[in-house]
Amino acid sequence: PSSKMTAGLVMLCFCCGKQPGGLSIAKAMFLQNQNVTVSLNNRVLDKSTMDVYPNKKCVRVLKQFGEGEYEKEDMMLLKLEMADQDPDMAYESKPHVKVSHVVAL
């Protein structure tokens, strides 16, 4: 429940596999993936304000309450969406996002 969320820190962590060119998993699966968006309470978050933190598998989506006018609300709904994919594209070619966990403090 959002009542236990005191700092406003939100992180998404991703899993699995090595990424080409030495990219971190978080950058390859999320930050540089134009097919995925994340929103908080139905407002799309700007990826340019996010950073890889605290390790190469995680992205800090929100650093604290008050950032980008986000204040604590009774309900905090985080939504991750993938754009529609070409049905004719081979499965292996489609961008994938594998979330291992969400951290909200």
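Residues numbered from 1 in each chain as written. Predicted model: local features only at pLDDT ≥ 70, side-chain atom pairs only at ≥ 80, totals over all residues. Heavy atoms only, no water.

K.L.:
Before we go on, may I ask you to explain the pairing of strand β5 (residues 58–62) in this structure?
P.N.:
For a regular strand, the rule is simple: side chains alternate between the two faces of the sheet. For β5, a buried count of five out of five residues is recorded, marking the element as mostly surrounded by other parts of the structure. Strand direction decides the pairing type here: strand β1 (residues 10–14) and β5, joined by four bridges, are antiparallel. Directly across from Leu12, in β5, lies its bridge partner Val59. Sheet topology note: the strand β4 (residues 51–52)/β5 ladder contains two bridges and is antiparallel. Paired with Val52 across the bridge in β5 is Val59. In textbook terms, the turn of a hairpin is the stretch between consecutive antiparallel strands, and for β4 and β5 this stretch comprises five residues. (Buried < 20%, exposed > 50% of the residue type's maximum accessible area, 1.4 Å probe, protein only. Helix = DSSP H or I, 4+ residues; strand = E, 2+ residues; numbered from the N terminus. Pairing = 2+ DSSP bridges.)

K.L.:
Teacher, can you tell me more about the state of the cysteines here?
P.N.:
Tallying each qualifying case throughout the model produces one disulfide. The disulfide partner of Cys13 is Cys58, and the gap between their sulfur atoms is 2.0 Å. Around the S-S axis, the bridge from Cys13 to Cys58 shows a dihedral of about 105° and counts as right-handed. Within this pair, whereas Cys13 is found in strand β1, its partner Cys58 is found in strand β5, the two being separated by 45 residues in sequence. On the accessibility criterion, Cys58 (5% relative accessible area) is buried. (Disulfide = S-S within 2.5 Å.)

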